[in-house]
Amino acid sequence: MMNKKIQRILCVLLAALFLSSCGTTPTEETAANMEAPDVSAEPTEETPEETEPEEPQIPAPEIEAIDCGGENYVVLARQIDGGYVYQFAEMTGDVEGDAVDQAIWERNLAIEEKYDLKLVPEYGGAWDMNTIIQQEVSSGGGNYDLLMPMVQYGPVMALNGLLTNMNTLPYIDTSKPWWFGSLMEDTSISGKNYWYAGNINVSMLDGVAAMFFNKNMVTDMNLDSPYQLAKDGKWTYDAMETMCEAVTSDTNGDGTIGFDDRMGLTVNAFAWGPMFYGTGSSFISKDTDDLPVIDFGNERTISILQSLCALLNNDSAVILVNQHPELETSGGWGQASIDMFTQDRALFWLEVMYGMAQLRDMESDFGVLPIPKYEEADEYATYIHVGHSSAISIPVTNTNLDLAGRILEDMAYESYRVLRPAYYDVTLQKKTARDEDSGEMLDILYKSFRMDLAWALSQSGIAMDSLMRTVMIENQSDIVSTLAGNQKTLDATLKGIIKQFNRLP
């Protein structure tokens, strides 16, 4: 063991080296003092250096690795569509790509190294996966280990007997933050889930709806701050409509209000979904046996739908572009709304988060808001687009559920660790959002996810989306009659779905 004398000599030498590197030579008196410190001196209080507290780290899953001998693990996912509604190839990473690409690469590498396997992504059209797996099952093939169907196609594939009940997989803990456990609770039937969702699904993060607003217009017209309204819990249908009416103007002077003028809100008919579900409402509830029931006859639901229909058809404040056929033929209804907003002809624009990328070149500053509440006492709620958000499923041809459970839990954790920050903190908050307030609003949007089972079953016979789009476009104000006229058919369809689910293994 080093004796005290040698220790003191080393201290002196190290101190001299440090001071000389700073351009200062220690004096003999300084060296002597350092060699023989006065241990009897009173200790001096040092002001601790202020540092930001680190966020508590959630422990990784304690799952033992399995050596797969370098075998391929094939994932069938949806191909990117050119960069608008489906921007990310969710299983293909690139160490030299953008933040999301790098995060996917890092996540995949962690899985590949732990289990000594190769993640092999294959991509196809969103609508083709059901056909591909049907052929797999009928032929007895086992070409795919993991699937990433669109949310609305998960139930279709399940009802066709193509998917494994995810609740039978070992190791997965949906109470962990890397899973969206609330969605699984909302969309289970008879205690069965045939798809899961979590931070693996970056397209689901990208499928969250928001309200965008033109900050320059707010300032120029001396309007109330939408940010402050949202922070104070006063961001409601009524507050938004009041602001919309304040800005709408016949700017081209032709005596009518239309697409070429300045409007408060520009939307297409899909907006009924974000705005309805943004109130925390739903069309399906569940009983104590986890069986769904059509439930849209309550007073609050009817009131919200009537208010929403009136708002979207308020010609003095809102332009519902689907009511203008000429806009579809001149570039598409979606593009018409984008153009109005980016060209300073609309105060508000409602879109799913993937639309935010369309605003990067917008000259005027924009902000991001949650979907407005129906009443101030309500909580903000988050809508997810079921047609452009992926889920996670296992085909029935994959019989190694032990390995599937291990890989999925670890992949979900790694996605939470690296992929969510890359998308949320870097891509959204740093690259696309333009102010700190937008970040606070995004925190509200991503706080928790809920999903109406009716929305998830939209391709399984519960066609509420197409029904309500028609209601809004045609301004069918008699919502009660419309819903009553469809009640019997929807009840029968849902009973048939339940019966099929109960037959599934």
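Look up a bit, the structure's there.
As a convention, each chain's residues are numbered from 1 in the sequence order in which they are written. At least 70 in pLDDT is required for a residue's local features to be given in this predicted model, at least 80 for side-chain atom pairs to be given and counted, and no such filter applies to totals for whole chains, interfaces and linings, which use all residues. In computing side-chain properties, one takes all heavy atoms of the structure into account and sets aside hydrogens as well as water.

Caption draft 1: Region of the structure containing the packing of aromatic side chains. In summary, the pairing rule links any two rings of Phe, Tyr or Trp, Trp by its six-membered ring, whose centres are within 6.5 Å, and it sorts them by plane angle into stacked for under 30 degrees, edge-to-face for over 60 and tilted for everything else. Here the structure, examined in full by the defined rule, presents 25 aromatic pairs. Measuring from ring centre to ring centre gives 5.1 Å for tryptophan 178 and tyrosine 413, while their planes differ by 85°; the resulting arrangement is edge-to-face. Residue tryptophan 178 is located in the loop between α5 (154-159) and α6 (181-187), and its partner tyrosine 413 is located in helix α15 (residues 401-432); the two are separated by 235 residues in the primary sequence. Considered together, tryptophan 178 and tyrosine 413 belong to a single accessibility category, that of buried residues. For the pair phenylalanine 283 and phenylalanine 296, a centre-to-centre distance of 5.9 Å together with 85° between the ring planes defines the contact as edge-to-face. Here the residue phenylalanine 283 occupies a position in the loop between α11 (272-277) and β6 (284-286), and phenylalanine 296 occupies one in the loop between β7 (292-294) and α12 (299-312), the gap between them amounting to 13 residues. Owing to a relative accessible area of 0%, phenylalanine 283 belongs among the buried residues under this scheme. Given the relative accessible area of 2%, phenylalanine 296 is considered buried. An aromatic cluster of three or more residues is present, and its members are Phe270, Trp272, Phe276, Tyr277, Phe283, Phe296, Tyr383 and Trp455. A run of H or I in DSSP becomes a helix once it reaches four residues, and a run of E becomes a strand once it reaches two; helices and strands are each numbered from the N terminus. In this scheme, a residue with accessible area under 20% of its type's maximum is buried, one over 50% is exposed, and one in between is partly exposed, where area comes from a 1.4 Å probe on protein chains only.

Caption draft 2: Quick peek at empty space enclosed by the protein. Lining residues are defined by having an atom within 4 Å of a point belonging to a cavity or pocket. Those points lie on a 1 Å grid over the protein atoms alone, cavities being sets where a 1.4 Å probe fits but cannot get out and pockets being open sets with protein on both sides within 12 Å along at least five of seven lines. Grid points are joined across faces, edges and corners, and a volume is the space filled by probe spheres set on the points. Tallied over the entire structure, the rule returns 3 cavities of 30 Å³ or more. Roughly 80 Å³ of volume is contained in the largest cavity. Around the largest cavity sit Pro155, Thr187, Ser188, Ile189, Lys192, Asn193, Tyr194, Trp195, Leu453, Leu457 and Phe501, which together line it. Here the residues of the lining of the largest cavity are counted per class, giving 7 nonpolar, 3 polar and 1 charged. The space that makes up the second largest cavity amounts to roughly 40 Å³. Residue lining of the second largest cavity: Arg78, Ala126, Met129, Asn130, Met148, Pro149, Met150, Tyr153 and Met157, and that is the complete set. Here the term charged refers only to Asp, Glu, Lys and Arg, the term nonpolar to Ala, Val, Leu, Ile, Met, Phe, Trp, Tyr, Cys and Pro, and the term polar to all other amino acids, Gly among them. Its residues assigned to classes, the lining of the second largest cavity comprises 7 nonpolar, 1 polar and 1 charged.

Keep in mind these values describe shape, not function.
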